[in-house]
Amino acid sequence: MDATVREVLPTQSAISVGMREIEELRRKSIENTELFWEPVANELFWYEKKGALFDKHEKPPYGGWFENWKTNLCFNAVDRWAQSSRKNKVAFFWEGEPGDRKALTYNELYREVNRMASALLRLGVSDGDRVTIYMPMIPELVISLLACARIGAIHSVVFAGFTSQALADRVNDSKSKVLITADGGWRRGKIIELKKIADDALKQCPSVQKVIVAKRTGQEIDMEAYRDMWYDELLKGADSRVRPVPLPGNHPSYILYTSGTTGKPKGAVHSTGGYMLWAYYTQKAVFDIRDEDIYWCTADVGWVTGHTYVVYGPLLTGATSLIYEGAPDFPEPDRWWKLIEEYGVTILYTAPTAIRSFMKFGEHWPGKHDLSSLRLLGTVGEPINPEAWNWYYRTIGGSRCQIVDTWWQTETGGIMISPQTGITQIPLKPGSASVPLPGVDAHIVDENGHELPANRKGFLVIGHPWPGQFMALWGDRERFESVYFKRFPGSYYAADYAMKDHDGYFWLLGRADEVLKIAGHRIGTIELEDALIVHPSVAESAVIGKFDEIKGESPVAFVVLRPGHDPSPALRRELLDHVRNSMGPIAVPGALYFVEKLPKTRSGKIMRRLIRAVVEEKTLGDVSTLEDATSIDEAEKAYRELQKEIRRES
Ligand code: WTA
């Protein structure tokens, strides 16, 4: 940790108290699940509390939460506040990419959600039915999720950057009855024609009976008689009050498709009671959310971070959030910083990739704005390299704000390993997500499931079930058990490579399924990227494994240089030497390419499969099988660009 960071952290004695406190809480939560979670559950509303809060199961996921309790997620997220003194508090400030604005109080949100729920009921949607949502980041998106939750319909949000084939696959897998979409969405000043893409998808989706279309971009679109209707018109005749349906704790609240090691996406199914508790608890424990906060999680609702920390978490805690529709660098690379200044954002939760992109744009962009309202920063989705951590800390946080590096997954429902500013303060170590939350029985094990000592790399597993755990993969029991529970019986296998240091801090080292095996040695691609990125000339890097007849796999590195540095054979040699020096000869990339930019999905993840396809001279194939797909056009363009750069370089 560097000197600046240490200055704002608690003293050594406070630190050890913090660690002891967290460990003690965690021990209690796992040894005595019921006793620990009951008071937390009592902060939420339940129609009925029958029987145990947690039941052990013989079969994966080895437990169920609130199975005989009854509640409603929407009631807890919206009605509770609309019926209280918070009713006129803003739930969401919303800003569209072109600069249009809206604010919705809890009371207004309540009314909108009721009307949408009434419209869905009139269309014949009832509890257990699936509704696919394919929308840009507009208020109607949030309202649609909540309306589904109100009547017990299971929502399945498909990220608006997905292709029609990806949308069709997801609609068909869930057999959704209704699709909610929009005419289009704004992205870097251009319209993404969502309805057109949806129309294409629907040609192969026999289950969909009705399509609801929100008006956003206003261009001409086709509306199919009897099937398609405008959101606004549908809501005109709707009731302003719909009773929330009391649902069992294990009623599925939503399906969210995520990628695995095969091309077919997995539909992670979340519960109602356990998920609600986890979203609520983690929002408080990690972010210490307060009434006066203006909280901004920059994730798209198309991903799990958006589900839990744009929609459910903040609403369940009665918070005020900001939602922004568009691209971070539109019209200029200071859009985010402008938003923070104008809305007085106090908590910013984003992804390391975004931070690294902003680093590349330069400090003068955030420097133009007053960011002094910020009090807490968060990151999620990938390991954050210490360099980006420090930049975030100094340039965005003004060396004043703690950073919560949060590790979790679509499957876990909410944050699992993170600093917990709502519980106590512990020292931060740039690059480490720190320690597991109460309820999270995290261990690092070797291939045989034996717990590893400190500082040894292994697999991250979760022993005891936790409230936010997913319940199933939609319609695929076999895959659910084999992917997550077969490898280490009795535990959930996170497929992440990790290590715990002597202080008990967890270091996440990338996907275990992305780890390279070079001549029998395990090397994390992320570790290699980090090694490159500490070099002063490197802005970003991506490493993939290429088949090698002798070593099994050989790393191939792609490097984006910082402004002021130019590609040259000398610099290539220097970088390879740098890797050799920091990681040993075995890790030295067999090839290193300088590129202008890395192919990334809109949510900011590096498209490794695409890079691999280029390197291995394979065709791009179906991009919906990319780990975090983006539009076909974008992927193909990125593929061609990378191909050109490689050819030029070789
Ligand atoms: C990675 C996103 C390091 C990890 C919420 C995990 C992280 C995968 C972190 C899940 C972090 C997420 N540090 N790695 N703080 N957070 N990951 O399902 O590999 O999109 O398995 O959920 O992201 O990605 P998913």
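Right, let's walk through the structure included here. Keep in mind the model is a prediction, meaning the values are calculated, not measured. Here the residue numbering is sequential within each chain, running from 1 through the sequence in written order. The predicted origin of the model limits local features to residues at a pLDDT of at least 70 and limits the giving and counting of side-chain atom pairs to 80 or more, whereas totals for whole chains, interfaces and linings rest on all residues. The side-chain quantities take in all heavy atoms of the structure and omit both hydrogens and water.

Glancing now at the packing of aromatic side chains. Ring pairs are drawn from Phe, Tyr and Trp, using the six-membered ring of Trp, whenever the two centres fall within 6.5 Å, and their geometry is named by plane angle: stacked under 30 degrees, edge-to-face over 60, tilted for the rest. One pass over the full model with this rule turns up 42 aromatic pairs. When the centroid spacing of 4.9 Å and the interplanar angle of 65° are considered together, the rings of Phe287 and Tyr349 count as edge-to-face. With Phe287 in helix α10 (residues 273–287) and Tyr349 in strand β19 (residues 347–350), this residue pair connects regions lying 62 residues apart in the sequence. In this scheme, a residue with accessible area under 20% of its type's maximum is buried, one over 50% is exposed, and one in between is partly exposed, where area comes from a 1.4 Å probe on protein chains only. You can call Phe287 buried: its relative accessible area is 0%. Here a strand is any run of E in DSSP of at least two residues, a helix any run of H or I of at least four, and the numbering for each starts at the N terminus.

In terms of burial, strand β5 (residues 90–95) is a largely internal element, five of the six residues being buried. When DSSP locates at least two bridges between a pair of strands, those strands are taken to pair. Pairing of β5 with strand β6 (residues 101–105), which is carried by five bridges, proceeds in the antiparallel orientation. Residue Trp94 lies in a different strand from β6, and its bridge partner there is Lys102. As consecutive antiparallel partners, β5 and β6 are separated by five residues, and within that stretch Gly99 has a phi angle of approximately 105°, a positive value. Judged from the four bridges that link them, β5 and strand β18 (residues 320–324) form a sheet pairing that is parallel. Within β18, the position partnered with Phe93 by the bridge is Leu322.

Within the element layout of this structure, Val559 appears in strand β30 (residues 552–561). Taking the C-alpha atoms as reference, Val559 lies 57 Å from Gly51; in sequence the two are 508 residues apart.

Let us look at the site of the ligand. Neighbouring residues are identified by heavy atoms, a residue being near a molecule or strand if any of them is within 4 Å of it. Within the structure, the ligand sits among 16 residues, and Asp405, Thr406, Gln409, Thr410 and Arg511 are positioned closest to it. Pairs of N or O atoms are called polar contacts if they sit within 3.5 Å, as long as, within protein, a hydrogen donor faces a hydrogen acceptor (for residues adjacent in sequence, only side-chain-to-side-chain pairs). Within the backbone of Gly381, one N or O atom sits 3.1 Å away from a nitrogen atom of the ligand. A distance of 3.4 Å separates a nitrogen atom of the ligand from a polar backbone atom of Glu382. All accessible areas in this document rest on Shrake-Rupley with a 1.4 Å probe, and a residue is counted as covered only by the protein chains that are shown. Coverage of the ligand by the protein amounts to 91% of the 530 Å² it exposes when considered alone. Contributions of two or more residues to the shell around the ligand are made by α11 (304–316), β21 (402–406) and β26 (506–511). The class makeup of the residues in the shell around the ligand is six nonpolar, five polar and five charged. Each residue gets one label: Ala, Val, Leu, Ile, Met, Phe, Trp, Tyr, Cys and Pro are nonpolar, Asp, Glu, Lys and Arg are charged, and the others, such as Gly, are polar.

Here the focus is helix α5 (residues 106–122). Taking 1.5 Å per residue, 17 residues should reach 24 Å; α5 reaches 24 Å between its end C-alpha atoms and fits that length. When we look at burial in α5, the residues that qualify are Tyr106, Leu109, Tyr110, Val113, Asn114, Met116, Ala117, Ser118, Ala119 and Leu120. Positive phi appears at Gly124, one or two residues downstream of α5, with a value of about 90°. Under the convention used throughout, the expected extent of a helix is 1.5 Å for every residue step, that is, one less than its residue count.

Turning our attention to the sheet that holds strand β22 (residues 442–445). The strand order across the open sheet formed by four strands is β22-β23-β25-β26, and the pairing between neighbours is antiparallel. In this open sheet, the two edge strands, each paired with only one partner strand, are β22 and β26. Averaged over neighbouring strand pairs, the angle between their axes works out to 45° when direction is ignored. Inspection of the sheet shows β22 paired to strand β23 (residues 458–462) by four bridges, in the antiparallel sense. Its bridge partner being in β23, His443 is matched across the sheet by Val461. The axes used here are C-alpha line fits, helices contributing only the stretch in contact, and every angle between their N-to-C directions lies in the interval 0 to 180 degrees.

Within helix α4 (residues 73–82), 10 of the 10 residues are buried, which leaves it mostly tucked inside the rest of the structure. Within α4, burial applies to Leu73, Cys74, Phe75, Asn76, Ala77, Val78, Asp79, Arg80, Trp81 and Ala82. In this analysis, two residues are considered to be in contact whenever any of their non-hydrogen atoms come within 4.5 Å of each other. Those residues of α4 that are buried lie in contact with β4 (69–71), α5, α6 (139–151), α10 and α11. The N-cap residue of α4 is Asn72: its side-chain oxygen and the backbone nitrogen of Cys74 are 2.9 Å apart.

Within the element layout of this structure, Thr282 appears in helix α10. The exposure class of Thr282 is buried, given its relative accessible area of 0%. The residues contacting Thr282, other than those within four sequence positions of it, are Phe287, Tyr309, Ile415 and Leu437. Reaching out from Thr282, the side chain makes a polar contact with the side chain of Tyr309 at a distance of 2.6 Å.

Moving on to the pattern of salt bridges. The working definition used for a salt bridge is a side-chain nitrogen of Lys or Arg within 4 Å of a carboxyl oxygen of Asp or Glu. With the rule as written, the count across this model stands at 37 salt bridges. Glu325 serves as the salt-bridge partner of Arg216, at 2.7 Å between the closest nitrogen and oxygen. With a gap of 109 residues between them, Arg216 in the loop between β12 (210–214) and β13 (228–230) and Glu325 in the loop between β18 and α12 (335–343) connect regions that are remote in the sequence. Both residues of the pair, Arg216 and Glu325, count as buried.

In this description, a nonpolar core means a group of buried Ala, Val, Leu, Ile, Met, Phe, Trp, Tyr and Cys residues linked to one another through side-chain atoms lying within 4.5 Å. The biggest cluster of nonpolar side chains holds 114 residues, and the ones touching the most others in it are Leu109, Leu146, Phe287, Tyr312 and Leu460. Per element, the largest residue contribution to this core is 10 residues, and it comes from α10. Among residues more than four places away in sequence, those in contact with Leu146 are Cys74, Ala77, Val78, Leu109, Val113, Val311, Tyr312 and Leu315. Ranked by size, the runner-up nonpolar core spans 29 residues in total, among them Leu377, Ile384, Tyr392 and Cys401.

Here the focus is the sheet that holds β4. Strand order in the open sheet formed by three strands is β1-β4-β14, and the pairing between neighbours is antiparallel. With partners counted over all chains shown, the strands left at the sheet margins are β1 (48–49) and β14 (247–248), one partner each. With two bridges connecting them, β4 and β14 associate as antiparallel partners. Opposite Lys70, over in β14, you have Pro248 as the bridge partner.

Closest axis-to-axis distance for the α10/α11 pair is 8 Å, and the angle between their directions is 85°. Relative to α11, the element α10 is oriented roughly perpendicular. Note on element contacts: α11 touches α10 through His307, Thr308, Tyr309, Tyr312, Gly313, Pro314 and Leu316, opposite Tyr275, Met276, Ala279, Tyr280, Thr282, Gln283 and Phe287. The residue inventory of the contact of α10 with α11, partitioned by class, reads nine nonpolar, five polar and no charged. Angles are sorted into four bins: roughly parallel if under 35 degrees, roughly antiparallel if over 145, roughly perpendicular if 65 to 115, and oblique for all others.

Attention now moves to the side chain of Thr71. Along the chain, Thr71 falls in strand β4. Look at Thr71 and you get buried, because its relative accessible area is 0%. Engagement of the side chain of Thr71 in a polar contact is seen with the side chain of Asn76, the distance being 3.0 Å.

Okay, unusual backbone geometry next. Cis geometry is found at the peptide bond from Pro60 to Pro61, where omega equals 5°. Mapping Pro61 onto the fold places it in the loop between β2 (54–56) and β3 (63–65). Cis geometry marks the peptide bond from Phe330 to Pro331; its omega dihedral reads -5°. Take Pro331: it is sitting in the loop between β18 and α12. In this structure, Ser399 is a non-glycine residue whose phi angle is positive, near 55°. Relative to the helices and strands, Ser399 resides in the loop between α15 (386–396) and β21. Accessibility expressed as a relative area gives 22% for Ser399, which makes it partly exposed. Non-glycine residue Ala495 carries a positive phi angle of around 60°.

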